[in-house]
Amino acid sequence: MGFFKVPNEIFFEKLTPIEFYVLCYLMQCRNTKTGKCFPSKSNIAACCCIATSSVSKAIKSLEKKNIIQICHNFKNNRQINNSYIVALGLS
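A short tour of the structure in this document, coming up.

How each quantity is defined
Residues numbered from 1 in each chain as written. Predicted model: local features only at pLDDT ≥ 70, side-chain atom pairs only at ≥ 80, totals over all residues. Heavy atoms only, no water. Helix = DSSP H or I, 4+ residues; strand = E, 2+ residues; numbered from the N terminus. Rg over C-alpha atoms; globule rule 2.2 N^0.38 Å. Buried < 20%, exposed > 50% of the residue type's maximum accessible area, 1.4 Å probe, protein only. Contact = heavy atoms within 4.5 Å. Pairing = 2+ DSSP bridges. Salt bridge = Lys/Arg side-chain N within 4 Å of Asp/Glu carboxyl O. Axes fitted to C-alpha atoms, helices over the stretch in contact; angles between N-to-C directions. Parallel < 35°, antiparallel > 145°, perpendicular 65-115°, else oblique. Nonpolar A, V, L, I, M, F, W, Y, C, P; charged D, E, K, R; others polar.

### Things to note about the overall build of the protein
Item 1. Tallying secondary structure elements over the protein gives 3 helices and 3 strands in all.
Item 2. Along the chain direction, N to C, the helices and strands of the protein fall in the order α-β-α-α-β-β.
Item 3. Relative to the 2.2 N^0.38 estimate, which gives 12 Å for 91 residues, the radius of gyration of the protein is 13 Å and therefore close to what a compact globule would have.
Item 4. Expressed as a percentage of its 91 residues, the buried residues of the protein come to 37%.
Item 5. Contacts in the protein between residues far apart in sequence, at least 24 positions, make up 48% of those at least 6 positions apart.

Right, here's the structure in full:
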């Protein structure tokens, strides 16, 4: 069984429970050196037992709060997926 750290400053961000849950999942998936992760929204939804639409809203809100950065990845001029950079807890 693995674990990951949640930085204390996250509790000052006033996140909704779903935002917190999605952020924790992204933090659990991320590369600790780069902060990047690339789970699909449907995978996040399935693992967190929430609707994909709730994941989309949470991700948009986390980006607006500058907690994550969304990277839209393209191949042959077509979007293939998103990756996320979690800025918290990299130090």
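### What about the pairing of strand E2 (residues 68–75)?
Item 1. Strand direction decides the pairing type here: E2 and strand E3 (residues 78–86), joined by 8 bridges, are antiparallel. Residue asparagine 73 lies in a different strand from E3, and its bridge partner there is asparagine 81.
Item 2. What sits between the antiparallel neighbours E2 and E3 is a turn of 2 residues, in which asparagine 76 has the positive phi angle 55°.

### Digging into unusual backbone geometry
Item 1. Even without glycine at this site, cysteine 49 takes up a positive phi of about 55°.
Item 2. Among the structural elements, cysteine 49 can be located in the loop between helix H2 (41–48) and helix H3 (52–64).
Item 3. One non-glycine residue, asparagine 76, lies in positive phi territory at about 55°.
Item 4. Here asparagine 76 shows up in the loop between E2 and E3.

### Some words on the pattern of salt bridges
Item 1. Under the criterion given, the structure shown has 1 salt bridge.
Item 2. Note that glutamate 19 and lysine 65 form a salt bridge whose closest N and O atoms lie 3.0 Å from each other. In this pair, glutamate 19 is assigned in helix H1 (residues 17–29) and lysine 65 in the loop between H3 and E2, connecting sequence segments 46 residues apart.
Item 3. Residue classification places glutamate 19 among the buried residues on the basis of a relative accessible area of 6%.
Item 4. Residue class for lysine 65 comes out partly exposed when judged on its relative accessible area of 32%.

### Here we look at the packing of H1 against H3
Item 1. Axis separation between H1 and H3 bottoms out at 9 Å; the angle between their running directions is 85°. On the basis of their axis angle, the class for H1 and H3 is roughly perpendicular. Judged by residue contacts, Ile18, Glu19, Val22 and Leu23 of H1 engage Ser54, Val55, Ala58, Ile59, Ser61 and Leu62 from H3.
Item 2. In the contact of H1 with H3, the residues fall into 7 nonpolar, 2 polar and 1 charged.

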